[in-house]
Amino acid sequence: MNWEVIIILILYLIAMFLIGVFSSKWVRKSSDFTNEYFLGGRQLGGFVLAMTMFATYASASSFLGGPGAAYTFGLAWVLLSMTQLVTGYFTLSILGKKFAIMARKINAVTLVDFLKERYRNKWVVILSAICIVVFLFALMAAQWVGGGHLMESVMGIPYVSGLFVFGMVLVIYTVIGGFRAVAITDTIQGVIMLIGSSILVVAAVIAGGGINNIMSGLISENPNLVSPFGSDQSLSPAYVSSYWVLVGVGVVGLPQIAVRAISYRSSKSMHSAIMIGTFAVGFVMLVLTLTGVFARVIMPEVSVADNTLPLLALELLPPWLVGIVLAGPLAAIMSTVSSVLLVASSSIIKDIYLNYVKPDATSKTVQRLSYGVTTIIGVIVFFMAIKPPSLLIWLNLFAMGGLEAAFIWPIVMGLYWKTGNSVGALSSILTGVIAFICFNTFISNPFGLHPVVISVILSFLAYVFGSLFTKKRFAAQRSEIVTKFWSA
Amino acid sequence: MKDNVKREQISDDPRYKIANREALIGIGIAIANFLWWFGFAYGFGSKDVDKYHYVFGFPAWFFYSCILGFIVFTILVIIIVKFFYKDIPLDAEYEDDTKGGSPK
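Computed from a prediction, not measured in an experiment: that's the story for all the values here.

## Some points on the overall build of chain B
A tally of helices and strands in chain B yields 4 helices and 2 strands. Secondary structure elements in chain B, listed N-terminal to C-terminal, are α-α-β-β-α-α. Put simply, 63% of the contacts in chain B that link residues at least 6 apart link residues at least 24 apart. As presented, chain B carries roughly 6,100 Å² of accessible surface, and 64% of it is formed by carbon and sulfur atoms.

Okay, here's the thing in structure tokens:
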């Protein structure tokens with residue numbers, strides 16, 4: 001164990017904890033509990049909005065899996081990773097103002113609140129809430145496992161202890177501070193990721209003896225490492241381009257991202273978030289994967305590719321700096337899990353409990369339940385992460401693409417197409433999830449594309465045809481909904 | 001029923017015009033971004049590695065597609081947001097206090 005590194009990380013965890021305590025004051029003072037707890041009172045400024053979107057999006061794979069793949073495949077993986085630049089401006093441009101305005105018209109706090117009013121169908125609500133809870137559970141546990149392995153393999157902290165310490169801090173600040181705590185910690189974590197990745201790439205270029213030297217080192221090992229097709233030439237243009245959907249434009253459909261598009265204060269905040277967010281996502285994804293490629297020349301013998309970046313940090317940097325750089329992946333994991341945790345708990349409380357179990361619950365009950373449910377989810381995820389069940393690992397494979405295929409059209413078409421109705425939305429959710437799981441399981445790359453592409457196309461068709469076929473039946477409801485959502 | 005249809009055509013929230021336009025702009029940037037990214041990567045990168053040109057030490061395809069692409073599109077996004085995205089109020093009560101007026 002390396003104490004200097006660990007002390008820095010402990011200081012960092014204490015800081016996160018204090019932010020939770022600080023934010024809990026707002027929660028206690030607030031007159032509208034759910035609005036404050038799940039949405040921070042819709043008060044996010046531009047910088048915080050940009051950082052919380054970026055930090056929620058950047059996860060364990062950005063610091064561990066991504067650079068590891070870049071280490072294996074070479075510059076082609078950096079090319080693939082740069083498809084993420086688009087999320088910075090696309091998500092907020094598409095959802096942005098329209099979603100913010102509509103959400104305020106109906107006072108929606110969660111994504112499902114919006115779907116409920118827009119489609120007025122109990123099955124849309126229940127199905128969405130189930131998809132969100134199941135997939136996000138898997139996603140959280142996987143992140144958590146990544147964090148535990150990182151602490152174990154790199155810092156020598158036993159897996160369960162590491163898991164326990166950082167999990168406990170994360171759950172406490174999320175539970176007591178709600179969305180505001182998550183957004184503020186996300187911001188700090190986002191800044192740490194930016195600083196950590198900058199330090200590491202500079203160190204890597206110096207250690208590799210300059211870019212020229214690194215490139216010739218790569219070419220002498222395997223020329224394909226500097227081609228856009230990958231070290232074994234397995235990355236086809238069609239497959240790499242599919243990532244424009246999976247990690248690019250499809251991100252619009254991720255509930256933990258979409259909910260951020262209704263949390264900001266003003267259109268000014270949204271504008272600065274687009275500018276800052278585009279830079280932050282592009283910069284971090286470029287630099288981290290590039291560092292992974294550089295590492296191949298500096299440390300040719302990494303056995304577990306996912307540990308490339310942490311090992312590189314330990315090799316190149318003084319211990320106190322390692323602490324700061326390694327806070328990066330930990331920050332990425334914590335910011336993703338805390339946001340997802342809150343979305344999952346809001347789904348259970350707002351979308352299911354308040355809608356169907358007890359609509360007339362008092363504010364006090366809702367408050368107690370929110371703390372309780374958030375804690376319980378956190379604790380369950382912790383125990384699952386100790387020894388992840390195989391079902392969970394299986395589900396996690398589908399989490400991102402599955403959520404995107406399910407929600408992208410009910411959200412986007414719901415905002416922009418008046419004729420879209422509950423039959424369209426239901427068929428779209430079902431088609432998206434089932435198609436994604438089937439393609440993943442049976443035909444891994446239909447037409448050389450990632451399965452998410454075809455699933456998103458199918459769920460689009462399901463939405464459009466489902467809505468058009470039932471247009472007549474929904475005529476009366478349509479005009480009611482249109483009046484509520486579209487009229488000034 | 002007829003009333004509602006008529007109403008829907010006349011009185012769409014005027015802010016949606018701005019929101020729709022900006023969504024289209026977002027799609028436009030994304031398409032341009034894709035073409036830039038794809039064009040340089042596979043246009044310059046599809047030949048043999050020993051015939052590659054290098055810019056600042058990086059293979060030309062990589063430099064133009066990933067590094068320059070990142071810089072160009074970040075700057076483009078900043079310019080477009082600064083000059084073409086409009087500031088509008090987001091509140092639900094907006095209709096009440098600006099009846100008859102145009103959005104500020």
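## With respect to the overall build of chain A
For chain A, the count of helices and strands is 21 helices and 0 strands. The C-alpha radius of gyration computed for chain A amounts to 22 Å, which stays within 12% of the reference 23 Å derived for 488 residues, consistent with globular compactness. Each of the three principal axes of chain A carries a C-alpha extent, and together these read 70 × 50 × 45 Å. Here chain A holds 488 residues, and the buried ones make up 65% of them. Within chain A, contacts between residues at least 6 apart in sequence are counted, and of these 85% link residues at least 24 apart. If you sum the accessible surface of chain A, you get close to 16,300 Å²; carbon and sulfur atoms cover 69% of it. Side chains of chain A give 28 positive and 16 negative charges; the mean places of these two sets differ by 19 Å.

## Points about the confidence of the model for chain B
Residues and elements named next belong to chain B. Across chain B, the average pLDDT comes to 84, with 79% of residues at or above 70. Counting interchain partners and residues more than four positions distant, the pLDDT-below-50 stretch residues 1–8 has 10 contacts. Counting interchain partners and residues more than four positions distant, the pLDDT-below-50 stretch residues 96–104 has 2 contacts. Predicted complex, confidence summary: ipTM 0.88, pTM 0.88.

## Overview of a nonpolar patch on the surface
Residue and element names in this part refer to chain A. On the surface, Trp3, Ile7, Ile10, Leu11, Ile14, Phe17, Leu18, Val21, Phe164, Val165, Met168 and Ile172 cluster together into a nonpolar patch covering about 1,100 Å² of accessible area. At the level of elements, α1 (3–29) and α10 (159–207) are the ones that each hand at least two residues to the nonpolar patch. The biggest single contributor to the nonpolar patch is α1, with 8 residues. Tracing the backbone shows isoleucine 10 in helix α1. With relative accessibility at 42%, the residue isoleucine 10 sits in the partly exposed group.

## Things to note about the interface of chain B and chain A
Contacts between the two partners involve 54 residues from chain B and, on the opposite side, 61 residues from chain A. Together, the buried faces of chain B and chain A total about 4,900 Å²; carbon and sulfur atoms form 71% of this surface. The three residues of chain B that bury the most area against chain A are B:Tyr16, B:Phe70 and B:Leu90, which together make up 16% of that side's buried surface. Here chain B is connected to chain A by 5 salt bridges. In this structure, A:Lys268 engages B:Asp87 in a salt bridge whose closest nitrogen and oxygen atoms are separated by 3.2 Å. The tally of links between chain B and chain A comes to 14 residue pairs in polar contact (both at pLDDT 80 or more). Where the side of chain B that touches chain A is concerned, the elements lending two or more residues are α1 (2–10), α2 (15–45), β2 (58–59) and α3 (60–84) of chain B. Of all the elements, α2(B) adds the most residues to the side of chain B that touches chain A, at 17 residues.

## Regarding the packing of α2(B) against α3(B)
Residues and elements named next belong to chain B. Between α2 and α3, the least distance of the axes is 9 Å, while the angle of their chain directions is 165 degrees. Accordingly, the angle class assigned to the pair α2 and α3 is roughly antiparallel. Between α2 and α3 lies a crossing of right-handed hand. Residue-level inspection shows Arg21, Glu22, Ile25, Ile29, Ala32, Asn33, Trp36, Trp37, Phe40, Ala41, Phe44 and Gly45 of α2 in contact with α3, the latter providing Ala60, Trp61, Tyr64, Ser65, Leu68, Gly69, Val72, Phe73, Leu76, Val77, Ile80 and Phe84. Class assignment for the residues of the contact of α2 with α3 results in 18 nonpolar, 4 polar and 2 charged.

## What to know about the state of the cysteines
Residue and element names in this part refer to chain A. Inspection of every chain in the model, using the stated rule, returns 0 disulfides over all chains. Free of any disulfide, cysteine 438 has its nearest neighbouring cysteine sulfur in cysteine 131, separated by 14 Å. We classify cysteine 438 as partly exposed; its relative accessible area is 35%.

## Points about the environment of A:Val251
Residues and elements named next belong to chain A. Relative to the helices and strands, valine 251 is located in the loop between α12 (237–248) and α13 (255–258). Residue valine 251 is classed as buried on the basis of its relative accessible area, which comes to 2%. Distance from valine 251 to leucine 85, taken between C-alpha atoms, is 11 Å for residues 166 residues apart in sequence. Beyond its immediate chain neighbours, meaning those up to four positions away, valine 251 contacts Tyr57, Thr87, Thr91, Val245, Leu246, Ile257, Met400 and Glu404.

## Concerning the environment of A:Ile276
Residues and elements named next belong to chain A. Turning to its location among the elements, isoleucine 276 is positioned in helix α14 (residues 267–298). Distance in space between the C-alpha atoms of isoleucine 276 and glycine 88 is 8.1 Å, their sequence separation being 188 residues. In this structure isoleucine 276 touches Phe47, Ala50 and Met51, once residues within four positions along its chain are discounted.

## Considerations on the packing of aromatic side chains
Residues and elements named next belong to chain A. In the structure shown here, the tally under the stated rule is 35 aromatic pairs over all chains. With a centroid separation of 6.3 Å and 65 degrees between ring planes, the pair formed by tryptophan 77 and tyrosine 243 is classed as edge-to-face. Remark: tyrosine 243 occurs in helix α12 and tryptophan 77 occurs in helix α5 (residues 75–81); sequence separation between them is 166 residues. For tryptophan 77, a relative accessible area of 16% puts it in the buried group. Under the relative-accessibility criterion, tyrosine 243 is labelled buried at 11%. Measuring from centroid to centroid gives 4.9 Å for phenylalanine 99 and phenylalanine 114, while their planes differ by 75 degrees, and the two rings are edge-to-face. In this pair, phenylalanine 99 sits in helix α7 (residues 96–106) while phenylalanine 114 sits in helix α8 (residues 111–119), placing the two residues 15 residues apart along the sequence. The exposure classification of phenylalanine 99 matches that of phenylalanine 114, with both residues buried.

## Here's the deal with the pattern of salt bridges
For the coordinates displayed, the defined rule picks out 13 salt bridges over all chains. With its nearest N and O atoms 3.6 Å apart, the salt bridge here joins A:Asp186 to A:Arg260. With A:Asp186 in helix α10 and A:Arg260 in the loop between α13 and α14, this residue pair connects regions lying 74 residues apart in the sequence. Of the two residues, A:Asp186 and A:Arg260, both sit in the buried class. In the salt-bridge network here, residues are joined through shared partners; they are A:Lys105, B:Asp13 and B:Arg15.

Criteria and cut-off values
- Residues numbered from 1 in each chain as written.
- Chains lettered and ligands numbered in written order.
- Predicted model: local features only at pLDDT ≥ 70, side-chain atom pairs only at ≥ 80, totals over all residues.
- Heavy atoms only, no water.
- Helix = DSSP H or I, 4+ residues; strand = E, 2+ residues; numbered from the N terminus.
- Contact = heavy atoms within 4.5 Å.
- Areas by Shrake-Rupley, 256 points an atom, 1.4 Å probe, with all protein chains shown as cover.
- Rg over C-alpha atoms; globule rule 2.2 N^0.38 Å.
- Buried < 20%, exposed > 50% of the residue type's maximum accessible area, 1.4 Å probe, protein only.
- Lys, Arg positive; Asp, Glu negative; His and termini not counted.
- Charge placed at Lys NZ, Arg CZ, Asp CG, Glu CD.
- pLDDT = per-residue confidence, 0-100.
- Patch = residues over 30% accessible without salt bridge, like charges linked within 9 Å, V, L, I, M, F, W, Y side chains within 5 Å.
- Salt bridge = Lys/Arg side-chain N within 4 Å of Asp/Glu carboxyl O.
- Buried area = accessible area lost by both parts, 1.4 Å probe.
- Polar contact = N/O pair within 3.5 Å; in protein donor to acceptor, adjacent residues only side chain to side chain.
- Axes fitted to C-alpha atoms, helices over the stretch in contact; angles between N-to-C directions.
- Parallel < 35°, antiparallel > 145°, perpendicular 65-115°, else oblique.
- Left-handed = near helix turned anticlockwise from the far one by under 90°.
- Nonpolar A, V, L, I, M, F, W, Y, C, P; charged D, E, K, R; others polar.
- Disulfide = S-S within 2.5 Å.
- Phe/Tyr/Trp six-rings, centres within 6.5 Å; stacked < 30°, edge-to-face > 60°.

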